[in-house]
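# A closer look at the structure
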Amino acid sequence: MPKNVLFIMCDQLRWDYLSCTGHPHLHTPNIDRLAARGVLFDRAYVQSPICGPSRMSFYTGRYVCSHGSTWNGIPLKVGEMTLGDHLRPLGVRTALCGKTHMTADIEGMQRLGLAPDSEIGARVSECGFEAYEREDGLHPDGPRYPRNASYDTHMKRRGWPDENPWDRVANSAEDEAGNILSGWFMENADKPARAADQDSETPYITGRAMDFIREAGDTPWCLHLSYIKPHWPYIAPAPYHAMYGPATHLAPVRDPAERDNPHPVYGAFMEERVSRAFRDDTARTRVLTAYMGLIKQIDDQIGRLMAFLDDQGLAGDTMIVFTSDHGDYLGDHWMGEKELFHDASARIPLIVVDPSPKADATRGLKSHALIEAIDIVPTILDYFGGDPAPHILEGTSLLPILQGQVDSLRDFVVSEYDYSMRDVRRRLGVEVRDARLTMLFDGRWKFIFAEGFRPMLFDLERDPDELADIGADPAHAGEIARLERLLFDWTRRRSQRTTRSDAWIAARDTTYGEVKTGILIGYRNAAEHHEALREARAAEPDPDPETDPRQDPGQDRGRPS
């Protein structure tokens, strides 16, 4: 049987809203079973705590400052290699069911003459995926992606005549008088959606994923199953809308002292409309009721999908990755949404199931290694037997941890956020180029560099809830200086030379240098050049046509160019 990968991503799922990660009331037995079959990485962080940039890092294996898609709607530039680009040369069909938040670089495509409806243009427009079914579900009148068998079409076939059933049926309720109550308003979050469970988004996308797997047959595949939920609009179908009442809700993690002279950027985000809304306990209670119900629905669909893989005889050959693109403050730290770097926002659940016998010893392990979202692409590439591409991919394969060879991969993780598109920037009077935050976390100290402001600092050993920002405390100046040096070292990494690997350059410099390529700089006469040429020829073995870079100077053998 061929190897396959099922790459499951939820949207805005907090790391601690699963029973296997410690939630005392929200029971997720099917996701828990994945953790028992694989490794639960309990210190995994995103490269940006906002949908678009985070996902572009997941799909490219590169930091945000490397791929350049710094906020929602900022296109991923043409030429950035994605998961599909790495897997396609290996014969792996790489497809999407669900959301990517991808914005295509239309200007770049026009400059290069790439038509969006061409085969290559469609791949570039869809983050390198074959868009088997794309549904982003962003806004009431957002894009519907007519190239695919869309959810809207499905709902109309089910008898819903609404022009936009995604908004008016799946994400709206209805009162006794027949009035439509939009799920976009928090006051309606505890009401049942008009759509029945089986017609709502999560079961629909799960069914489409199963359709793809059936159609794929014996072709190796990597399917990105990307759920829209539990991302807003916060509304769930019956019976999930009423499963988790206030008695099951966790109290917000916050302290009045956080609002007493906060860091200017943090203080500005605490005053955003969504943050003020989550300070309303009634609104927060309604949202949590829906949020938890939507997660329970996802768990039930994971159970349905795992049973399907078993029935198809695929479980033993399919790697499963389960994760989220970022978290949700849900009122913690006086915040709503995501965007800053507290664990509620930047830390994610991550479970990886490696079906190979080499991973048997680590099944059920909870790993404390520091993990980044950019590790997913190199892990999948490694699983399919592809050559590593460290000059392109900035993450690290997780297979050595999954197979019990090592306990950790790095000493710190980094996450970035560009808030130039937010009203916060204008209220702070910050120039676009300076509206940047960078977080570095070494397992104890969480350091946030804020251009133009003092840094923020949290000691998670003494303050695991991140309630006290000690970045202004002179007593921690030494720690801040150490972390600044680590961040400076990180910024000095090489990340833009993606067309030639270090190995290619090393081979060229040591074996096929200037003398063999006819560069005549520095020779006093022809005799010196002839002598150097003779010595170079004598020192090198006969070239192997299968591995010699001179046979195809534009490509590393066995690696996508």
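Here goes a summary of the coordinates provided. Every chain's residues receive numbers from 1 upward, in the order its sequence appears when written. It should be noted that, the model being predicted, local features are given only for residues of pLDDT at least 70 and side-chain atom pairs only at 80 or more, the latter also being counted only at that level, while totals for whole chains, interfaces and linings use all residues. The side-chain values count all of the structure's non-hydrogen atoms but skip hydrogen atoms and water molecules.

### A look at the environment of D473
The condition is simple: Per the convention used, a helix needs a DSSP run of H or I reaching at least four residues, while a strand needs a run of E reaching at least two, with both numbered from the N terminus. Nitrogen and oxygen atoms within 3.5 Å of one another constitute a polar contact, given that in protein one can donate a hydrogen and the other can accept it, and given that sequence-neighbouring residues count only through two side-chain atoms.
By the secondary structure assignment, D473 is in the loop between β15 (456–459) and α17 (477–491). Here the alpha-carbon distance between D473 and M456, two residues 17 residues apart in the chain, equals 10.0 Å. Within the structure, the side chain of D473 is placed 2.9 Å from the backbone nitrogen of A475, a separation counted as a polar contact.

### Notes on the packing of helix α9 (residues 201–216) against helix α12 (residues 281–311)
Definition in use: In this analysis, axes come from line fits to C-alpha atoms, helices being fitted only over the stretch in contact, and the angle between any two N-to-C directions falls in the range 0 to 180 degrees. An angle counts as roughly parallel when it lies under 35 degrees, as roughly antiparallel when it exceeds 145, as roughly perpendicular when it falls between 65 and 115, and as oblique in every other case. Put simply, a crossing is left-handed when the front helix is turned counterclockwise from the back one by less than a right angle, and right-handed when it is turned clockwise. Whether two residues are in contact is decided by their heavy atoms, any of which lying within 4.5 Å being enough. Charged residues are taken to be Asp, Glu, Lys and Arg, nonpolar residues to be Ala, Val, Leu, Ile, Met, Phe, Trp, Tyr, Cys and Pro, and polar residues to be all remaining types, Gly included.
Their axes nearest at 10 Å, the elements α9 and α12 cross at an angle of 15°. What the angle tells us is that α9 and α12 run roughly parallel. Considering how the two elements wind past one another, α9 and α12 form a crossing that is right-handed. For the pair α9 and α12, the contacting residues are T202, P203, T206, G207, M210, I213 and R214 in the first and Q297, I298, Q301, R304, L305, F308 and L309 in the second. Residue classes in the contact of α9 with α12 are distributed as 7 nonpolar, 5 polar and 2 charged.

### Thoughts on unusual backbone geometry
Cis geometry is adopted by the peptide bond preceding P230, which originates at K229 and carries an omega value of 10°. Tracing the backbone through its elements, the reader meets P230 in strand β7 (residues 221–230). A cis amide bond links W232 to the next residue, P233, at an omega of 5°. With respect to the element layout, P233 can be found in the loop between β7 and α10 (264–270). Positive phi values are uncommon outside glycine, yet H333 reaches one of about 55°. Among the secondary structure elements, H333 is positioned in the loop between β8 (318–324) and α13 (343–346).

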